[in-house]
Amino acid sequence: MPYTLPDTNIFRRRFFSSLAIPLGAEAILIGVLFWNVLALRNAIFWVNHTYQVISSAENLQRDFNEAESAYLHFLLFHSPTSLTAYQAVTVALSRSISSLQREVADNPIQVRRLNTAKTLLADWRHATQTNIAAPTRSAALKAVALHAFRAHQNLDVLLGAFIGEEKRLLTQRLRTYSDNLILMFAIIGLLSLTSITLVFWGFNNLRTLSGNYERSLTLARSQYDQLQKEKEFRDKVLENSVIPIVVIAREGHFSYVNQKAAQLLGYTPEELIGQSFLMTVPPDEAERVQAMFDRTLHEKSSVTDVEVRALRKDGSIRNVVFGWVPLLSENEVIGLVACGIDITEKKRLEQELLAAQKLESLGRLAGGIAHDFNNVLTAIFGYMELASEELPPNHPVQVRLRDTERAAESAAKLTQQLLAFARRQIIQPRLIRLDELVQNIQPMLQRLIGENIELRVKVEQVRLVKVDPGQMEQILVNLAVNARDAMPDGGVLTIGVEDVFIDETYAQRHEEVRPGNYVMLTVSDTGVGMDQSIHQHIFEPFFTTKPQGRGTGLGLATCYGIVKQAGGHIWLYSEPGHGTTFKIFLPHAEGAPEELQPHESTLPPVPKGTETILLAEDEPSVREVAASALRAQGYTVLEAGSGEEAIRLAERHPDPIHLLITDAIMPSMSGRDLAEHLQQTRKVEKVLYISGYTENAIVHQGVLEQGIFFLAKPFTPSSLLRKVREVLDSPA
């Protein structure tokens, strides 16, 4: 079909006439844009100028305060260094004010302020120099000093007003700058719109003129375009896929690699195409993967849900679950299409979760054992003390009793470590600064690790944390002892404290960690380090790498339990031959820091009592020891082996019951339920809880509730009598 082409002269006239309006609009907008750029440049100049003025004024204010400090220091200590500093700064102050006056010459208000500042500075300088030169203090000099003080105050207020005015100007000029910037972007947008309109108008005319040619295109061209669009769509789908996808030719090399697969392997797509797919497989996996590849070529079968390790360009390993299907042409396999999912992070989180669940299970077991063992130890302590009181002080059996007591105390410490690991220990946390605690314990740690190990403490003042100070000292001692044992030939132990922020990314990579502000305690050594196999068990109770007899294996387990009970997180990094680093993150707490009360070295004797006490304890040996000690002290004791029996005794007893002593955890009825029932019926006046650990009976997450009296097992008869007297003598 022949084409009838339009007259080219008509085309040119119509084409250029259609562009006249948008070209004129563009010219106007370009002129406005040029004016706007000049205004924006002027605004930038004034913003920078104001910033400079504020900086100079703040420097002047700081120099003036330094001169005042040097002046006061000289008056107090007559230090030549202070006098030199005073003279050096005061000489520069007048020049600084003059320089500042030149910078704000355009602002009469600020110039007047600086003139006043010059006068005040001169008055202050005269007064201070008079005081400095005077050999003695007199009433006149005190008046001069008062004048200097008032001049300092007035000048400080004046400089503050000056800086405030400049900041107001800065805000105004920043607003002007912002308005001009917005206007510039608006003009640029209009210019872009005008350009688009210009292109559209021109393109519309060109399209009209080329319409005849479009009609002459063949169906083949239309089909070709359609095929190209489909190909581009498929390419976009593959490139933008969130799943790594590759095509492997029959010969075993990559013929296509999408962007996600290249990112997974650490290459660019161009680096991988043409290379053997086995270069991305570790040598120990290559034979297995090659066998699957050969089987697919021969059997034309698919592979699904196979887990392999992928070798990245940097040598690191990623865990991948992949599958592939054969590409067929005329019933022959010409290649494979493979896709996979990176499960490295998932596997790491699963391992962390399994480790946390394992430690939690061990904690419940350890807590239960410690609870029962505390009952036994309470009876042992009680019988030993009662036996010791019945024997003369010089009796030979007294030595055996003391040895037995020391062994029982060792067992009690062991149960406390088990409870700390299990997070069942009763704590009384305080608001403290961790940097102060580290500095206070530093001398003891140096003695503990020995002279052949250098102790470096790098702390900064940090925000408060709410922890039990004794437990934090226990953590530091445990970690220091482990570091000492890891450095038998000497080395460096570094302890640091600083404020840190844990972001969402870090929290997602670590189980049970929440983002927020923390105080980080770091303990690092240059010792022998440890490998990954030890990492997996390092916080388990009774796990130790030390020789037999050198440790209980509870040190790090105790640290783990203490940190978790405080709502924190403990992290470990170590490599064989490169030392070990522990990082402990404790959440910030608000409030005023608390002072620790010193312990009394000697305790006064406990006075006798005549009150009536109801004792509820399900362990017969503990109940017998406690009742014997209380009766020997003069108390009337009602014994009950359960909560129900205690209620029956209280209801039958006609006289007041001054104190209920109850185990926090008993079968069928807890100590808390028993106490609430008896207090509601006004059968008892006060309550003292005893237990090895209490779950949530009288504590919340291991923290003793306010106003509750508690005595931890194991206890001695004397400690029980002292606590009973304390509770009875406390205000109702």
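One structure accompanies this document, and this report is about it. (Residues numbered from 1 in each chain as written. Predicted model: local features only at pLDDT ≥ 70, side-chain atom pairs only at ≥ 80, totals over all residues. Heavy atoms only, no water.)

## Section: the sheet that holds strand β2 (residues 254-257)
- Ordered by their spatial adjacency, five strands build an open sheet running β2-β1-β5-β4-β3, and the pairing between neighbours is antiparallel. In the strand order of this sheet, the two ends are held by β2 and β3 (303-311), each with one partner. Within this sheet the neighbouring strands show an average axis-to-axis angle of 30°, counted without direction.
- When β3 meets strand β4 (residues 317-329), the two strands line up antiparallel, connected through seven bridges. By the bridge assignment for β4, Val 306 is matched with Phe 322.
- Each of β1 (245-249), β3, β4 and β5 (332-342) is contacted by helix α8 (residues 283-299), which is oriented at about 145° to β3, the strand it contacts most. (Pairing = 2+ DSSP bridges. Helix = DSSP H or I, 4+ residues; strand = E, 2+ residues; numbered from the N terminus. Axes fitted to C-alpha atoms, helices over the stretch in contact; angles between N-to-C directions. Contact = heavy atoms within 4.5 Å.)

## Considerations on the packing of aromatic side chains
- Evaluation of the coordinates by the stated rule reveals five aromatic pairs.
- Taking 6.1 Å as the distance between ring centres and 80° as the angle between the ring planes, the aromatic pair formed by Phe 293 and Trp 324 counts as edge-to-face. Of the two residues, Phe 293 sits in helix α8 while Trp 324 sits in strand β4, which places them 31 residues apart along the sequence. Trp 324 matches Phe 293 in its accessibility class, with the two residues each being buried.
- Between Phe 322 and Trp 324, the ring centres sit 5.2 Å apart and the planes meet at 65°, which makes this aromatic pair edge-to-face. (Phe/Tyr/Trp six-rings, centres within 6.5 Å; stacked < 30°, edge-to-face > 60°. Buried < 20%, exposed > 50% of the residue type's maximum accessible area, 1.4 Å probe, protein only.)

## A short note on the nonpolar core
- Core analysis: the largest hydrophobic core is formed by 37 residues, its most contacted members being Leu 476, Leu 493 and Leu 521.
- Counting 29 residues, the second-largest nonpolar core is a separate cluster that includes Ala 57, Phe 64, Phe 74 and Phe 162. (Core = buried A, V, L, I, M, F, W, Y, C linked by side-chain atoms within 4.5 Å.)

## Regarding the pattern of salt bridges
- Under the definition given, this model contains 15 salt bridges.
- Between Arg 288 and Glu 285 there is a salt bridge, with its nearest N and O atoms 2.7 Å apart. Linking Arg 288 with Glu 285, this pair stays in helix α8, spanning three residues, or about one helical turn.
- Judged by relative accessible area, which is 10%, Glu 285 ranks as buried.
- Among the ionic pairs, Arg 463 bridges to Glu 590, the shortest N-O distance being 2.4 Å. (Salt bridge = Lys/Arg side-chain N within 4 Å of Asp/Glu carboxyl O.)

## Regarding a nonpolar patch on the surface
- On the surface, Ile 28, Val 32, Trp 35 and Leu 183 cluster together to form a nonpolar patch covering roughly 390 Å² of accessible area.
- In terms of residues, the nonpolar patch owes the most to one element, helix α1 (residues 8-77), which gives three residues.
- With respect to the helices and strands, Ile 28 occurs in helix α1. (Patch = residues over 30% accessible without salt bridge, like charges linked within 9 Å, V, L, I, M, F, W, Y side chains within 5 Å. Areas by Shrake-Rupley, 256 points an atom, 1.4 Å probe, with all protein chains shown as cover.)

## A short note on the sheet that holds strand β11 (residues 569-574)
- Sheet architecture is open: five strands sit in the order β7-β9-β10-β12-β11, paired in mixed fashion. The open sheet has two free edges, formed respectively by β7 (453-459) and β11, since each of these has just one partner strand. Across the sheet, the mean angle from the axis of one strand to that of its neighbour is 15°, orientation sign disregarded.
- Inspection of the sheet shows strand β9 (residues 491-502) paired to strand β10 (residues 516-525) by ten bridges, in the antiparallel sense. Looking at β10, one finds that Glu 498 is bridged to Met 520.
- Running over the sheet, helix α11 (residues 434-449) touches β7, β9, β10 and β12 (580-587) and is turned about 180° from β7.
- Most of the contacts of helix α12 (residues 469-486) go to β10, to which it runs at about 30°, and overall it touches β7, β9, β10 and β12.

## As for the packing of α11 against α12
- Two elements in contact, α11 and α12, have axes whose closest approach is 10 Å; the angle formed by their N-to-C orientations is 40°. With respect to their mutual orientation, α11 and α12 come out oblique. When the axes of α11 and α12 are compared, the crossing they make is right-handed. On the side of α11, the interface is formed by Leu 434, Leu 437, Val 438, Ile 441, Met 444, Leu 445, Leu 448 and Ile 449, while α12 contributes Pro 469, Met 472, Glu 473, Leu 476, Val 477, Ala 480, Val 481 and Arg 484.
- Taken together, the residues of the contact of α11 with α12 sort by class into 14 nonpolar, no polar and two charged. (Parallel < 35°, antiparallel > 145°, perpendicular 65-115°, else oblique. Left-handed = near helix turned anticlockwise from the far one by under 90°. Nonpolar A, V, L, I, M, F, W, Y, C, P; charged D, E, K, R; others polar.)

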